[in-house]
Amino acid sequence: MRDEPLVLGIETSCDETGVGIVRGHTLLADALASSVDEHARFGGVVPEVASRAHLEALVPTINRALDDAGVKLADLDAIAVTAGPGLAGALLVGVAGAKGLALATEKPIFGVNHLAAHVAVDTLEHGPFTGPAIALLVSGGHSSLLRVDDLSAGVTPMGATIDDAAGEAFDKVARLLGMPFPGGPPIDRAAREGEATVSFPRGLTTARDLQSHRFDFSFSGLKTAVARWVEARERDGSPVPVNDVAASFQEAVCDVLTMKAIDACRHAGVQTLVIGGGVAANSRLRAMAQERAAKHGITVRVPRPKLCTDNGAMVAALGSHLVAAGRRPSKLDFPADSAMSLSLIGV
Amino acid sequence: MLVLVLDTATPAITAAVADLGDGGIELRAQRVTVDGRAHGELLAPSIDAVLTEAGVKPFDLSAIVVGVGPGPFTGLRAGLVTAATMSSALGIPAYGVCTLDALGAATVGTVLVATDARRREIYWAVYRDGLPGTPPKVAKPAEVAIAIASEGVLRAVGEGAEKYAELLGVSAEAPSFPPPIEFARLAADRVRAKAPSEPLTPLYLRRPDAVEPATRKPALAAGER
Ligand SMILES: [Zn+2]
């Protein structure tokens, strides 16, 4: 058991090759190579393109992280890597590469859960968790509400999207409005110039929905409603107020996300809400969550935008936590598990 | 000089430790496990096993030799990325060997070398007395039969040749998978000359399937629910 374990973390579950290095809760390096530009023309991540890019980027990104942190591989206490969930071929590059590193250095390796890593990364910014927390994880690949009692033991899923992920809705609406991929940043920017003048539907919020889907999300209907609204304007030959549509759409997403997250905190009697994932970089979501949480005496923990999106630091942060907690390392034969269960922190 | 040999370009997950002495090349340990779906799981334990069996520490290695394909993408990358991270971590060079070259190296006469490319296709090349006579390609067995008609091919080796022997019109012989020692042989000159480390460029031979605008949904699976 180590107080402040020095851990290198590797993340390759989607289109970012991330390598982070942490000492305890201190971030030493967070190197990133992204293949997002190669995917932009397809309007979404192409798995094989992502996997090829990871293979090329992994070693240079590892070396950059080591340089930035000013540490040597020999100094590490452990290596951590995202074992799942994510794109199977993309995950495998990181997992096999991390195992190679572990073999060469004879260091222990921890295969960890990507979603739990999104929660753990906040410890780098706001220190260790002091009690139970509710985590809202929102990105292009996931939209989940979890209860976190002990990050080294496991998390309890409370709800998730039943169709599109929140970030996916951003991507699709951005495309509809002629904005580039990924859609989160351009919508955030446009929304700041507009006003939420259109009341778009809030998925799974009717009294009936709340009975069976209290902590679940649905963004597919919202995306369709925005498409219909825009098409109707275009049919009339009237201009589409892009900034107002972006603001209205963003308002609807953030409204549902924060409403359900606060409800989950109150339901569980938990005082802390952690927000992570790429959509947590959205300025309106951050502001609305703070505002609503404050009314109920709930503390919001959300790391700076760069730590919200996929990165290696979050994997290193979770790895460091597991080493400090005395968790046993993974065996060398653990698989890259594209559908890894949320209740597993590591493999 | 001790070298670690890796290849994951076929269903055979291959790891070996070879000793390049003045007298010749000797295999100190090898593991060849045929499982087309478990490259990511089985390669690292195989490496661990051959190092242990050979009584070799990672820092005793002088080089890593790895099959660069052609091979199905996901499995192929497992070997390449492992070789890349190990070589970088140990500060030793990595050398690539074409997997078909290793399979054809010990053959005599004019021989078709073919591995399974899945999707009813094969990776193939013609070898003359162990040396490549044509560049590696990917094609349907019936197309390969036409392409080799004028090459004077009498025999074939490799799992791809075994699987499609009828369509190819050539009888298939052993080996089904590349013998580990051939990778060491094919890289021996570079190892002995301490040649600079090589970029390990995979021989994909196929372009990625990237025509449909896919949705950005990396993890919408059981793991999310
Ligand atoms: Zn993520």
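Residues numbered from 1 in each chain as written. Chains lettered and ligands numbered in written order. Predicted model: local features only at pLDDT ≥ 70, side-chain atom pairs only at ≥ 80, totals over all residues. Heavy atoms only, no water.

As named in an unreviewed UniProt entry, chain A is tRNA N6-adenosine threonylcarbamoyltransferase, taken from Rhizocola hellebori. Recorded in UniProt for chain A, the comment headed Subcellular location (unreviewed entry) runs: "Cytoplasm". If you open the UniProt record of chain A and go to Sequence similarities (unreviewed entry), you find "Belongs to the KAE1 / TsaD family." (UniProt positions renumbered as here; feature names shortened; annotations may be inferred.)

Caption draft 1: Just the packing of helix α6 (residues 166-176) of chain A against helix α9 (residues 220-236) of chain A, in detail. All names here are of chain A. Here α6 crosses α9 at 10°, and the two axes come no closer than 10 Å. What the angle tells us is that α6 and α9 run roughly parallel. From α6, Lys 172, Val 173 and Leu 176 reach across to α9, where they touch Lys 223, Val 226, Ala 227 and Val 230. Its residues assigned to classes, the contact of α6 with α9 shows 5 nonpolar, no polar and 2 charged. (Axes fitted to C-alpha atoms, helices over the stretch in contact; angles between N-to-C directions. Helix = DSSP H or I, 4+ residues; strand = E, 2+ residues; numbered from the N terminus. Parallel < 35°, antiparallel > 145°, perpendicular 65-115°, else oblique. Contact = heavy atoms within 4.5 Å. Nonpolar A, V, L, I, M, F, W, Y, C, P; charged D, E, K, R; others polar.)

Caption draft 2: Examining the coordination of the zinc ion more closely. Residues and elements named next belong to chain A. Around the zinc ion, the protein supplies His 114 (NE2), His 118 (NE2), His 142 (NE2) and Asp 310 (OD) as donor atoms, at distances of 2.1 to 2.5 Å. Classification of the site at the zinc ion rests on its 4 donor atoms, whose angles at the metal span 87 to 163°, yielding the label irregular. Considered as a linear motif, the donors of the zinc ion on their single chain read H-x3-H-x23-H-x167-D. With a gap of 192 residues between them, His 118 in helix α4 (residues 114-120) and Asp 310 in the loop between α12 (305-308) and α13 (312-324) connect regions that are remote in the sequence. The exposure class of His 118 is buried, given its relative accessible area of 1%. (Donors = N, O, S within 2.8 Å, 3.2 Å for Na, K, Ca; no water. Tetrahedral: all angles 85-135°; square planar, octahedral: opposite > 155°, others 65-115°. Buried < 20%, exposed > 50% of the residue type's maximum accessible area, 1.4 Å probe, protein only.)

Caption draft 3: Fine view of the UniProt feature "domain: Gcp-like" (unreviewed entry) in chain A. Here the UniProt-annotated "domain: Gcp-like" (unreviewed entry) positions come out as residues 27-316 of chain A. The span residues 27-316 of chain A is 52% helical and 17% strand by assignment, and the distance between its end C-alpha atoms comes to 9 Å.

Caption draft 4: The arrangement of the pattern of salt bridges in detail. Taken as a whole, this structure holds 24 salt bridges over all chains when the rule is applied. Between Glu 151 of chain B and Arg 128 of chain B there is a salt bridge, with the nearest N and O atoms lying 2.4 Å from each other. One end of the pair, Glu 151 of chain B, is in the loop between α4 (141-148) and β10 (155-157); the other, Arg 128 of chain B, is in strand β7 (residues 122-128), with 23 residues separating them in the sequence. One network of salt bridges, in which partners are shared, links Asp 164, Glu 168, Lys 172 and Lys 223 of chain A. (Salt bridge = Lys/Arg side-chain N within 4 Å of Asp/Glu carboxyl O.)

Caption draft 5: Region of interest: the pairing of strand β5 (residues 109-113) of chain A. All names here are of chain A. The element β5 is largely enclosed, with a buried count of 5 among its 5 residues. Because side chains alternate across β5, one face comprises the buried residues Ile 109, Gly 111 and Asn 113, and the other comprises Phe 110 and Val 112, equally buried. Where strand β4 (residues 78-84) lies against β5, 5 bridges are found, and the strand directions are parallel. Counted as the bridge partner of Gly 84 is Asn 113 from β5. Between the parallel pair β4 and β5, the chain is carried across by helix α3 (residues 88-105), and the sense of this crossover is right-handed. (Pairing = 2+ DSSP bridges. Right-handed = clockwise from strand over helix to strand, strands pointing away.)

Caption draft 6: Representation of the environment of Gly 160 of chain B in the model. Residue and element names in this part refer to chain B. Within the element layout of this structure, Gly 160 appears in helix α5 (residues 159-163). Given the relative accessible area of 0%, Gly 160 is considered buried. Gly 160 has contacts with Ala 114, Thr 115, Asp 116, Ile 122 and Leu 168, leaving out every residue within four places of it along the chain.

Caption draft 7: Highlighting the UniProt feature "domain: Gcp-like" (unreviewed entry) in chain B. The UniProt entry lists residues 37-130 of chain B under the feature "domain: Gcp-like" (unreviewed entry), expressed in the numbering used here. Helix makes up 43% of residues 37-130 of chain B and strand 24%, whereas the separation of the span's terminal C-alpha atoms amounts to 29 Å.

Caption draft 8: Representation of helix α1 (residues 39-54) of chain B. Across its 16 residues, α1 of chain B extends 22 Å between first and last C-alpha, which sits within 8% of the 22 Å expected from 1.5 Å per residue. Those residues of α1 of chain B not exposed but buried are His 39, Gly 40, Leu 43, Ala 44, Ser 46, Ile 47, Val 50, Leu 51 and Ala 54 of chain B. Down the axis of α1 of chain B, the buried set is contained in an arc of 160°. They therefore lie on one face. Lining the buried residues of α1 of chain B we find α3 of chain A together with β1 (2-7), β2 (12-20), β3 (25-34) and α2 (73-90) of chain B. The first or second residue beyond α1 of chain B is Gly 55 of chain B, which carries a positive phi of 65°. (Expected span 1.5 Å × (residues − 1). Arc of directions from axis to C-beta.)

Caption draft 9: Inspection of the sheet that holds β5 of chain A at higher detail. All names here are of chain A. One open sheet holds the 5 strands; their spatial order is β3-β2-β1-β4-β5, and the pairing between them is mixed. The sheet is open, and its two edges are formed by β3 (26-34) and β5, each paired on a single side. When the angles between neighbouring strand axes are averaged without regard to direction, this sheet yields 20°. Where strand β1 (residues 6-11) meets strand β2 (residues 16-23), 6 bridges bridge the pair, whose relative direction is antiparallel. Looking at β2, one finds that Gly 9 is bridged to Gly 20.

Caption draft 10: Representation of the nonpolar core within the structure. Leu 8, Ile 10 and Ile 21 of chain A together with Leu 4, Leu 6 and Ile 47 of chain B are the most contacted members of the largest nonpolar core, which has 64 residues in total. Discounting residues that sit within four places of it in the chain, Leu 8 of chain A has contacts with Val 19, Gly 20, Ile 21, Ile 62, Leu 66, Leu 76, Ala 78, Ile 79, Ala 80, Leu 101 and Ala 316 of chain A. Listed in part, the 47 residues of the second largest apolar core include Val 138, Phe 219, Leu 285 and Met 288 of chain A. (Core = buried A, V, L, I, M, F, W, Y, C linked by side-chain atoms within 4.5 Å.)

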